[in-house]
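# Geometric and topological summary
As a plain string of letters, each chain reads:
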Amino acid sequence: MPATTTTPSLQGVKLVKTYGDGDARRTTLHEVTIDLFPGELVLLMGPSGSGKSTLLAVLSGLLEPDSGQVMAEDDGRLREVWQLTPKEREEYRRRNTGFVFQGYNLFPALTARQQLEIVLKWGSGATSGEARQRADDMLDKLGLAKNKSKKPAQLSGGEKQRVAIGRALVKNPNFVFADEPTSALDWENGQKVIELLRDAAHERKASILVVSHDHRILPFVDVYYHLEDGHLERRPLAAHH
Ligand SMILES: Nc1ncnc2c1ncn2[C@@H]1O[C@H](COP(=O)(O)OP(=O)(O)OP(=O)(O)O)[C@@H](O)[C@H]1O
Ligand SMILES: [Mg+2]
């Protein structure tokens, strides 16, 4: 199907998010509209504090906007994420989304392998054997073969970051939200991670939204947005190559 007739798999429509009350009230997202398409790796850049993490949280169903809609394809139908009940939304997220948090959010008591295994067992009903195999394959791809039995406290920052990426990708989600997934990585590992994200988009037709400050990522992405002062702007890629 030609790209021009493809419909978005996820749409944020006129999203508004304000933090604080009274004098401290600040509008972080000012009617932000964005379309994500299947098979696209999308980069989101913008200054610190411009609302990138906020936008990821709203689009992924983690943080409720003040107004606006998030429309997402789920099992062949379009759903309005913020009209679902909390339980339905949790189910929707489990079925469809992977999230790499800026601070990794790993479970301190679990080994690297277990962090991925529980996603597969609880999230997609894999057997123990399948879960172990898929967790191991993903950790190998991320260069973590020697770290499978380590807990977060025994891992370096970059290793923790790669475990968090593996956890988000291992169940092959339709939507992946990655908040600065390469911030703690050298370029060799950063490039590995970006290639994994790009493969998820191009080969499995996932929609991937990556927040990053790293301009080295630009040649790998399909679409590039800039967020500043609450406004989102699509920018041409060619000028940055
Ligand atoms: N829970 C909250 N309560 C109040 N203000 C918040 C809250 N979360 C974020 N903010 C404010 O909203 C703005 C946007 O924050 P956000 O974390 O989305 O920015 P960001 O673009 O991800 O920044 P960075 O690049 O530093 O990660 C900031 O000014 C921040 O201080
Ligand atoms: Mg952030």
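Below is a short write-up of the structure. (Residues numbered from 1 in each chain as written. Chains lettered and ligands numbered in written order. Predicted model: local features only at pLDDT ≥ 70, side-chain atom pairs only at ≥ 80, totals over all residues. Heavy atoms only, no water.)

Bringing the nonpolar core into the picture now. By size, the foremost hydrophobic cluster in this structure holds 42 residues, and its most contacted members are L169, L197 and I208. Counting residues per element, this core draws most heavily on helix α6 (residues 187-204), at 6 residues. (Core = buried A, V, L, I, M, F, W, Y, C linked by side-chain atoms within 4.5 Å. Buried < 20%, exposed > 50% of the residue type's maximum accessible area, 1.4 Å probe, protein only. Helix = DSSP H or I, 4+ residues; strand = E, 2+ residues; numbered from the N terminus.)

Whenever strands of a sheet pair, they do so through backbone hydrogen bonds, lying parallel or antiparallel. A sheet is described by the order of its strands in space; here 6 strands give the open sequence β6-β7-β8-β3-β9-β10, paired in mixed fashion. The sheet is open, and its two edges are formed by β6 (97-100) and β10 (231-235), each paired on a single side. Each strand of the sheet is rotated relative to its neighbour by a mean of 20°, with strand direction disregarded. Bridge analysis of strand β3 (residues 41-45) against strand β9 (residues 223-228) gives 4 bridges, and the strand direction is parallel. Across the sheet, the residue bridging to V42 is V223, located in β9. Lying on the sheet, helix α1 (residues 52-59) is in contact with β3, β6, β7 (175-179), β8 (207-211), β9 and β10; it crosses β7 at an angle near 160°. (Pairing = 2+ DSSP bridges. Axes fitted to C-alpha atoms, helices over the stretch in contact; angles between N-to-C directions. Contact = heavy atoms within 4.5 Å.)

The subject of this paragraph is the coordination of the magnesium ion (ligand 2). For the magnesium ion (ligand 2), every protein donor is listed as S53 (OG) and Q102 (OE1), and the spread of their distances is 2.0 to 2.5 Å. Of this pair, S53 sits in helix α1 while Q102 sits in the loop between β6 and α3 (112-124), and the two are 49 residues apart along the sequence. By relative accessible area, which is 42% here, Q102 ends up partly exposed. (Donors = N, O, S within 2.8 Å, 3.2 Å for Na, K, Ca; no water.)

Below, the discussion takes up the side chain of E117. Tracing the chain through its elements places E117 in helix α3. With residues near it in sequence (within four places) discarded, E117 still touches A131, R132 and A135.

Such coordinate-based values are descriptive only and should not be taken to indicate function.
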